Amino acid sequence: MSDRTTVDYVEDVSPGSGALPPRAWYAASDARSMSLNGSWRFRLSATIDAEDDSFAEEGYDAGNWAEVTVPGHWVLQGDGAFGSPIYTNHLYPFPVDPPHVPTENPTGDHLRVFDLPDDWPADGSAVLRFDGVESCARVWLNGTELGEFKGSRLPHEFAVGHLLKPGGNVLAVRVHQWSAGSYLEDQDQWWLPGIFRDVTLLHRPAGSVGDFFVHASYDHTTGEGTLRVDSDVDGRVTVPALGIDVATGEPVTVAVEPWTAETPKLYDGVLATAGERVPLRIGFRTVVLEDGLIKVNGRAVLFRGVNRHEWHPEKGRALDLETMREDVLLMKRHNLNAVRTSHYPPHPAFLDLCDEYGLWVIDECDLETHGFVEQDWRDNPVDDDRWTPALLDRAARMVERDKNHPSVVFWSLGNEAGTGRGLTAMAEWIHERDPERLVHYEGDWNCRDTDVYSRMYAFHDEVDKIGQRLDGGTHKRRELPFIQCEYGHAMGNGPGGLADYQELFEKYERLQGGFIWEWIDHGVEHAELGYAYGGDFGEELHDGNFVCDGLVFPDRTPSPGLIEYKKVIEPVRIEGDAAGGTVRITNKHDFADLSALAFEWSCQVDGETVESGALAVPALAPGESAEVKLPEPPADGRGGERQWTVRALLADDTAWAAKDHVVAWGQFAVAARPLPVVPATDRPVRGEDRITLGPAEFDARTGALRSIGGIEVGSPRLDVWRAPTDNDDGAEWQTDTRYGLLWRTLGLHRMRHRLASVEAGEDALTVRTRVAPAAREVGLDTVYRWTSDGERLRLTVSVTPEGDWSVPLPRLGVRLGLSRADRVEWFGGGPGEAYPDTRTASMVGRWQSTVDGLQTPYLRPQENGARADVRWVELGGLRIEGDPEFWFTARRWTTEQLDAARHRTDLTPGDTVWVNLDHGQHGIGSQSCGPGPLPRYFLKAEPAEFSFVFSAVK
Ligand code: GAL
């Protein structure tokens, strides 16, 4: 057992001891460095003092220890031998007893023996850098203790030159899962201990660069940039492309191209001191708060953003550069222009990518104390002076590390930490250290410490009020711009209502956009479950699949939410005027003109493109719009539905996408769709146990359809149930009505069908039913009326609600079964899924897929895969036309099976393909953490009539 005092640091509120002061981070210079990433020896103990620290001594034999990969989290390695991840949203997974942590405190001893390369310089000194260790580490080199630190997603450096030997250096790191620091790191994510970012040995030659601060501003009135590099160690700054060669600390003003997220112009430069040359990538831009607006280079910006946690399904928060690049490329390709690094500074290389490709960044400090909300914020560390040094240390480590990135426009104090003196101290320190950026924090509704009024999940009507400046608030707040640092909760199917938010953001100048929650589902790759979420590791407290709420799946496949968001925030608006034969093009960029885009028109007849060509559009400046004449519509050869589609494409390859990548599009009808007409010329003929009508056979007793043109069909019958989405169910604290639960209480998942009559009449077979749940008086009087012209079969469904329906319906339509179906072709909205308030990206056209291809594999299975505005669909040998257009869904399992499944792997295909043809769907909304669907997307229980025409595919 160790002496108690040698382990006290774990529960000490101080940030640590022994580390060097924070400084600017850079990936490489001409000074030598050596990565210590790779395989390390590893020993796990159940408590902090189960083992003494003799392993840190030279000569210790760790030959029988296990191994782990650094960077990495031990709980994601060793096939469960090293414990498992824990997911909680805001609850601390240990008693709230600050600064104490459980005695059961998994402690990972890490050991790495290394030799210096032969040509490692003998002069100068060296530092050892840890870019991220969760949550507390104690470090020794060659038996000498260097210190200990907390602040998991922040860098820590130690001076080690005096301890290094040419060979056999022993680096020992003891990492504790829990520490006083854990109280400051209560973010909604997996708790994942380990050395999860790089470990690097950096040679520091005599006269090498210390800390430095690149100030590169842009004066939009003159087109000039001013550069001044403040450096602890004097030297010179050169920027060849600008002819700059000045001493550090000396300002120089020259004509430059500015940096913006849309035009991320970087100038390569060098900071040279006597002992080192550090490459600089300089972006000139000026961020100010002016006229109550966030302005960059003189113009107000609109954030089309997302919250990004670092996530990889196998490696957790240990991300490699290619994964980071993939995130940035995906964001750029989907029209995003901003990232909030929720809720901690990301790996520094990510910010290099944001500089390079162009994304505005809110860099957020590694701070959240959300769990204290359970006790009304009593004892909250951010309002307790004893913790303030730790908070200031975190602020400084973020700002000093990241201050040279042009992409960073806001510093965020942290997330969901209540309010308190410690936050104020952080804001004061940051404002003083970097007056050239703005400060963000959402928890400060009075905006005492912040430069922006920021909220999360504010409902549309409140945002509207805020836009009109009718929201009141403190005097300071009333002067500030507004952003939603989180909105549009992308959990499962959704988020809905994004287009409605965007409309508000574009309407009021005070609203400067928002950041969707969140980028990626934090699913953990799992042998049996596919992807695991909270509870799958037997955690005693957990928040289930609340950790799977991203716009991309864990493997970074875009979910429909991302496709929708891309369309909603597209930087060019394309609106047609069919009668005038013109299209209005509006440039919605904040900085770029349209010269990077090429436009293309096409004309569709019944969804098939019959002609297309280039459209000349002037290089409109931001905010400008123009009416552009379309060519003469192609001659009216075959009637049918006709529409224009106009697309904006990249005119050339860019750093983030290839030429012809579609940035924006618009579609508008020229001639409406002729509705299907089926004259009721055939009459139903009653046989012994069958009724025949045209190509169809029915059960004579029940009136149930059996086959059409020899194709067996499980009879269509009324269906109102959908497997509730996360947004249908809503979060427990929601004030909006949580219909997912009310539907189930009412029994909409167990509707019974009472057959009232089967009437074979003159020209129709009419089946009357009443559909209702047990124990309730509400019901849906439902009449199926079948007619035929001998070849085609028309079904008209009439629904009349009875009783007091106080809830909307999940869906309204029919469900039928097909025994053999795979390939699907349709004319309607596609290619992806859509619902009433997530349908902006649904493009009308001819689409093909397979039944499997229609599924959206949400990690917790739920309603998915509907296609909107379907005119007709062909599958399983049947052609189904709608009057009016309908929502189409097909899957190899029933809705009930989908509803019962917890993971994708619970869904096993059966023999039948279940097809839903819906007249209506209820909206999706964002109620898993935000508003439900807006009233206009409600599917009210009202009298309805809709038809389908069935025929065998020719
Ligand atoms: C917010 C929080 C996020 C996340 C989200 C819900 O309150 O800041 O970290 O928990 O809600 O997914």
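Residues numbered from 1 in each chain as written. Predicted model: local features only at pLDDT ≥ 70, side-chain atom pairs only at ≥ 80, totals over all residues. Heavy atoms only, no water.

As recorded in an unreviewed UniProt entry, the protein chain goes by Beta-galactosidase and comes from Streptomyces djakartensis. The UniProt entry for the protein chain carries this comment under Catalytic activity (unreviewed entry): "Hydrolysis of terminal non-reducing beta-D-galactose residues in beta-D-galactosides." Per UniProt, the protein chain has the following entry under Sequence similarities (unreviewed entry): "Belongs to the glycosyl hydrolase 2 family." (UniProt positions renumbered as here; feature names shortened; annotations may be inferred.)

Describing the packing of helix α3 (residues 388–402) against helix α4 (residues 421–433)
At a closest axis distance of 9 Å, the pairing of α3 and α4 adopts a crossing angle of 30°. Considering the relative orientation of α3 and α4, their crossing is right-handed. Residues Thr 388, Leu 391, Leu 392, Ala 395, Ala 396, Met 398, Val 399 and Glu 400 of α3 form the contact with α4, whose participating residues are Gly 422, Leu 423, Ala 425, Met 426, Trp 429, Ile 430 and Arg 433. Counted by class, the contact of α3 with α4 contains eleven nonpolar, two polar and two charged residues. (Axes fitted to C-alpha atoms, helices over the stretch in contact; angles between N-to-C directions. Helix = DSSP H or I, 4+ residues; strand = E, 2+ residues; numbered from the N terminus. Left-handed = near helix turned anticlockwise from the far one by under 90°. Contact = heavy atoms within 4.5 Å. Nonpolar A, V, L, I, M, F, W, Y, C, P; charged D, E, K, R; others polar.)

Re the packing of aromatic side chains
Considering all chains together, one arrives at 40 aromatic pairs under this definition. An aromatic cluster is defined as three or more aromatic residues linked by ring pairs; in this entry it consists of Tyr 92, Phe 94, Trp 178, Tyr 183, Trp 191, Phe 372 and Trp 387. It is Lys 265 that lies over the ring of Tyr 267; its NZ or CZ is 4.9 Å from the centre. (Phe/Tyr/Trp six-rings, centres within 6.5 Å; stacked < 30°, edge-to-face > 60°. Lys NZ or Arg CZ within 6 Å of the ring centre and 35° of its normal.)

Section: the site of the ligand
Residues in contact with the ligand amount to 13 residues; listed here are only the nearest, Asp 188, His 343, Glu 416, Glu 486 and His 489. Here an oxygen atom of the ligand sits 2.7 Å away from a polar atom, N or O, in the side chain of Glu 416. Between the ligand and the protein, one listed contact pairs an oxygen atom with a side-chain N or O atom of His 489 at 2.7 Å. Surface burial for the ligand is 95%, taken as the share of its 300 Å² of free accessible area covered by protein chains. Its atoms largely coinciding with the cavity grid, the ligand occupies the largest pocket. Split by residue class, the shell around the ligand holds five nonpolar, four polar and four charged. (Near = heavy atom within 4 Å. Polar contact = N/O pair within 3.5 Å; in protein donor to acceptor, adjacent residues only side chain to side chain. Areas by Shrake-Rupley, 256 points an atom, 1.4 Å probe, with all protein chains shown as cover. 1 Å grid on protein atoms, 1.4 Å probe; cavity = no way out; pocket = protein on both sides within 12 Å on 5 of 7 lines; lining within 4 Å. Sits in = over half its atoms within 2 Å of the grid points.)

What to know about α4
For α4, with 13 residues, the first-to-last C-alpha span of 18 Å sits near the 18 Å given by 1.5 Å per residue. Along its buried surface, α4 packs onto α3, β29 (408–412) and β30 (438–440). (Expected span 1.5 Å × (residues − 1).)

Observations regarding the domain arrangement of the protein chain
Split into domains, the protein chain comes out as domain 1 (8–204), domain 2 (212–286), domain 3 (289–567), domain 4 (570–671) and domain 5 (685–952). For domain 1 versus domain 2, the distance between C-alpha centres works out to 35 Å. Taken together, the contact pairs seven residues of domain 1 with five residues of domain 2. It is Ala 24, Tyr 26 and Asp 30 that lose the most area in domain 1 upon contact with domain 2, and together they represent 65% of the buried surface on that side. One can count one salt bridge joining domain 1 with domain 2. In this structure, Glu 276 and Arg 204 form a salt bridge, with 2.7 Å as the shortest nitrogen-oxygen distance. Broken down by class, the residue content of the side of domain 1 that touches domain 2 amounts to four nonpolar, one polar and two charged. (Domains from an automatic or database assignment. Buried area = accessible area lost by both parts, 1.4 Å probe. Salt bridge = Lys/Arg side-chain N within 4 Å of Asp/Glu carboxyl O.)

Digging into the side chain of His 215
Topologically, His 215 is positioned in strand β16 (residues 212–219). At 3.2 Å, the side chain of His 215 and the side chain of Asp 230 are in polar contact. The residues touching His 215, leaving out its near neighbours within four places in the chain, are Thr 226, Leu 227, Arg 228, Asp 230 and Glu 436.

Quick word on a positive patch on the surface
Taken together, the side chains of Arg 717, Arg 750, Arg 752 and Arg 776 make up a positively charged region of the molecular surface. Its location among the elements puts Arg 717 in strand β47 (residues 711–719). (Patch = residues over 30% accessible without salt bridge, like charges linked within 9 Å, V, L, I, M, F, W, Y side chains within 5 Å. Lys, Arg positive; Asp, Glu negative; His and termini not counted. Charge placed at Lys NZ, Arg CZ, Asp CG, Glu CD.)

Details of the nonpolar core
Ranked by internal contacts, the top residues of the largest apolar core, which has 152 residues, are Leu 128, Leu 171, Leu 201, Ile 585 and Phe 599. Looking at which element gives the most residues to this core, the answer is helix α2 (residues 348–357), with six residues. Ignoring sequence-local partners within four residues, the contact set of Phe 599 consists of Val 572, Ile 574, Ile 585, Leu 594, Gly 613, Ala 614, Leu 615, Val 617, Arg 647 and Ala 648. In this structure, Leu 748, Leu 795, Trp 805 and Ala 944 belong to the second largest nonpolar core, which totals 60 residues. (Core = buried A, V, L, I, M, F, W, Y, C linked by side-chain atoms within 4.5 Å. Buried < 20%, exposed > 50% of the residue type's maximum accessible area, 1.4 Å probe, protein only.)

Quick notes on the pattern of salt bridges
The full count for this structure, using the stated rule, is 78 salt bridges. Arg 325 is the salt-bridge partner of Glu 322, the closest N and O atoms lying 3.5 Å from each other. Of the two residues, Glu 322 and Arg 325 are both situated in helix α1 (residues 321–333); the distance of three residues between them amounts to about one turn of the helix. Across the pair Arg 673 and Glu 885 runs a salt bridge, and its minimum N-O distance is 2.5 Å. With Arg 673 in the loop between β42 (662–671) and β43 (685–686) and Glu 885 in strand β56 (residues 878–891), the pair connects residues that are 212 residues apart, well separated along the chain. Ionic contacts of the salt-bridge type, sharing partners, join the residues Glu 134, Arg 153, Glu 185, Arg 317, Asp 366 and Arg 394 into one network.

Observations regarding the sheet that holds strand β28 (residues 360–364)
Across the sheet, eight strands lie side by side as β30-β29-β28-β27-β26-β33-β32-β31; this open sheet has parallel pairing. Strands at the two margins of the open sheet, each flanked by one partner only, are β30 and β31 (453–456). Strand-to-strand twist of the sheet, defined as the mean angle between neighbouring strand axes without regard to direction, takes the value 25°. Along the sheet face, helix α5 (residues 460–467) touches β31, β32 (482–489) and β33 (511–517) and points at about 175° away from the line of β31. (Pairing = 2+ DSSP bridges.)

Here we look at the packing of α5 against helix α7 (residues 498–507)
Contact geometry for α5 and α7: axes closest at 10 Å, N-to-C directions at 5°. The angle between α5 and α7 falls in the class roughly parallel. On α7, the residues that touch His 460, Val 463 and Asp 464 of α5 are Asp 500, Tyr 501, Leu 504 and Phe 505. (Parallel < 35°, antiparallel > 145°, perpendicular 65-115°, else oblique.)

Describing α7
Every buried residue of α7 is accounted for by Leu 498, Asp 500, Tyr 501, Gln 502, Leu 504 and Phe 505. Against the buried residues of α7 lie β26 (303–307), α5, β32, β33 and α8 (560–568).

With respect to the layout of surface pockets
Of the pockets and cavities examined, the largest pocket occupies roughly 1,200 Å³. Every residue lining the largest pocket is counted, 47 residues in all, and those nearest its centre are Asn 89, Phe 546, Ala 731, Trp 733 and Cys 929. Elements with a minimum of two residues in the lining of the largest pocket: β31, β32 and α9 (726–729). Roughly 680 Å³ of internal volume is contained in the second largest pocket. As for the second largest pocket, its lining consists of 36 residues, and the residues nearest its centre are Arg 281, Asp 355, Asn 404, His 405 and Pro 406. Counting only elements with at least two residues in the lining of the second largest pocket, the list comes to β16, β17 (224–231), β22 (277–282) and α2. If one sorts the elements of the lining of the second largest pocket by residue count, β16 sits on top with six residues. When its residues are assigned to classes, the lining of the second largest pocket shows 18 nonpolar, seven polar and eleven charged. (Points joined across faces, edges and corners; volume = space filled by probe spheres on them.)

A closer look at the sheet that holds strand β25 (residues 299–300)
Reading across from one edge, β23-β24-β25 is the order of the three strands in this open sheet, with antiparallel pairing throughout. Unpaired on one side and paired on the other, β23 (287–290) and β25 mark the two borders of the sheet. Examined bridge by bridge, strand β24 (residues 293–296) and β25 share two bridges and lie antiparallel to one another. Each bridged residue has a counterpart across the sheet, and for Lys 295 the counterpart in β25 is Ala 300.

As for empty space enclosed by the protein
Summed over the entire model, instances satisfying the criterion amount to six cavities of 30 Å³ or more. Estimated volume of the largest cavity: approximately 90 Å³. Taken together, Leu 20, Pro 21, Pro 22, Arg 23, Ala 24, Trp 25, Arg 129, Pro 155, His 156, Glu 157, Arg 397 and Arg 401 make up the full set of residues lining the largest cavity. Grouping the constituent residues of the lining of the largest cavity by class yields six nonpolar, one polar and five charged.

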